[in-house]
Structure formats: C-alpha cells, structure tokens
Amino acid sequence: MKLGEGVEQAIHSVAMLAGLSEGSVLSAAAIAEFHGVSVSYLLKHLQALSGAGILDTVPGPKGGYRLARLPAEITLLDIVLAVEGPAPAFRCAEIRQRGPNPLPGKYFAKPCGISAAMLAAERVYRAELAKTTIADILAEVAAGDDGSIAARGCAFLALNERRTTR
C-alpha cells in the first residue's frame, strides 16, 4: 500500500499545530516553511483536514490553522481518511470474469478470495491507525527527545504563531 505524500505532510502539520499556544493559529505558509514543502500542495491537505473537522480555519490576513479537537481525540486514521478519502486502497474489478472463454457466473457466486484477503488486511491496518492518536505520537517523540526537537519547534512557533481570539 502506498499513501501519498500528503498524508505525511498532514500528520506532521497536525502534530505541529498541537504545540500552539491557546488562542493562536499558524499560517499555511509557516507550516510549509517549517517542513520544507510546497504551500499550494500543503493547502489542499489543510483544507481536507479542516473539512473533516480536524482543523479550524481562521480567515483573514492574520488567520491560519489550529486544531479543532484535542490531540488525544485525533487518530492517524482520521488524518489518513481526510487526505486519502474513505475508499479502500484495494478495489476489486472482478478481472477473474474477463478474458477469453469466460466461465459461467456460477463460478463467481462467492466473493473473490483475493479481494476478501485484501479487505481483511485493510481492516487490520485501519484498526491500528485508529488506535494511535496525535497525543501518542507527541509523547513518543518527547520521550526520545534530548530537548533539541522541542527547542526547534518552540523557537519556530514563537516567531510564527499568530494570536487570535477563540
């Protein structure tokens, strides 16, 4: 399974926004700068996260993004579904029924075994993503941080977060 780059960018963006001070937002340009990614590409994913209720958007020249929910309430699955959509990664096109000399329909009464196996694997994958929250990710990073990661993020936020009213 291959997820688009947008999923990585979205997860990192949500994690970064978890560090904002109360009543602050961060612009898409600042988030993109911190991660070294394209603003226009990131905006598409930030809008998807906003549409999914993961982020709040504050409009205007002093506006930006902030979390709409607590980090403990946002799972990796929430973010993946917001960016990639809800459709399963594997979509069976029933190619077993194509080609020369197709067999009668009675041979295809049961669902395709390949499709069933792939969808079962996806259920497990999604269940694992649903177990992990942004708070879990942040705690894991903090546990292995000697202070450098936190200092980098705090310094960037101090320069770039925008105070607003909630």
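Heads up: the structure comes first, above all this text.
Rules of the game
Residues numbered from 1 in each chain as written. Predicted model: local features only at pLDDT ≥ 70, side-chain atom pairs only at ≥ 80, totals over all residues. Heavy atoms only, no water. Phe/Tyr/Trp six-rings, centres within 6.5 Å; stacked < 30°, edge-to-face > 60°. Lys NZ or Arg CZ within 6 Å of the ring centre and 35° of its normal. Buried < 20%, exposed > 50% of the residue type's maximum accessible area, 1.4 Å probe, protein only. Helix = DSSP H or I, 4+ residues; strand = E, 2+ residues; numbered from the N terminus. Pairing = 2+ DSSP bridges. 1 Å grid on protein atoms, 1.4 Å probe; cavity = no way out; pocket = protein on both sides within 12 Å on 5 of 7 lines; lining within 4 Å. Points joined across faces, edges and corners; volume = space filled by probe spheres on them. Nonpolar A, V, L, I, M, F, W, Y, C, P; charged D, E, K, R; others polar. Axes fitted to C-alpha atoms, helices over the stretch in contact; angles between N-to-C directions. Parallel < 35°, antiparallel > 145°, perpendicular 65-115°, else oblique. Left-handed = near helix turned anticlockwise from the far one by under 90°. Contact = heavy atoms within 4.5 Å. Core = buried A, V, L, I, M, F, W, Y, C linked by side-chain atoms within 4.5 Å.

Caption draft 1: Quick look at the packing of aromatic side chains. Per the stated rule, a full pass over the model turns up 1 aromatic pair. Just above the ring of F34 sits the side chain of R152; from NZ or CZ to the centre is 3.9 Å.

Caption draft 2: Local environment of the pairing of strand β3 (residues 64-67). Residues G64 and R66 line one face of β3 and the alternating positions Y65 and L67 line the opposite face, and both faces are buried. Inspection of the sheet shows strand β2 (residues 55-58) paired to β3 by 4 bridges, in the antiparallel sense. Residue pairing in the sheet places V58 in a bridge with G64 of β3. Between β2 and β3, which pair antiparallel one after the other, the connecting turn spans 5 residues, and G60 there sits at a positive phi close to 105°.

Caption draft 3: Broad picture of the layout of surface pockets. In this structure, the largest pocket occupies an estimated 600 Å³ of space. A15, M16, L138, V141 and I149 are, among the 19 residues lining the largest pocket, the residues nearest its centre. Residue assignment for the lining of the largest pocket shows that the elements contributing at least two residues are α1 (5-17), α2 (28-35), α6 (134-143) and α7 (148-160). Among the residues making up the lining of the largest pocket, the classes are represented as 13 nonpolar, 4 polar and 2 charged.

Caption draft 4: Looking closely at the packing of α1 against helix α3 (residues 39-51). Interhelical geometry of α1 versus α3 gives an angle of 65° and a closest axis separation of 10 Å. Relative to α3, the element α1 lies roughly perpendicular. The two elements α1 and α3 cross, and the hand of that crossing is right-handed. Touching E5, G6, Q9, A10, S13 and V14 of α1 are Y41, L42, H45, L46 and L49, all from α3. Residues that form the contact of α1 with α3 fall into these classes: 6 nonpolar, 4 polar and 1 charged.

Caption draft 5: Layout of the nonpolar core. In terms of nonpolar packing, the biggest core is built from 31 residues, with V14, L49 and L55 touching the most fellow members. Here V14 is in contact with L49, I54, L55, L67, I74, I79 and I134, once residues within four sequence places are set aside.

Don't take any of this as a statement about function, it's just geometry.
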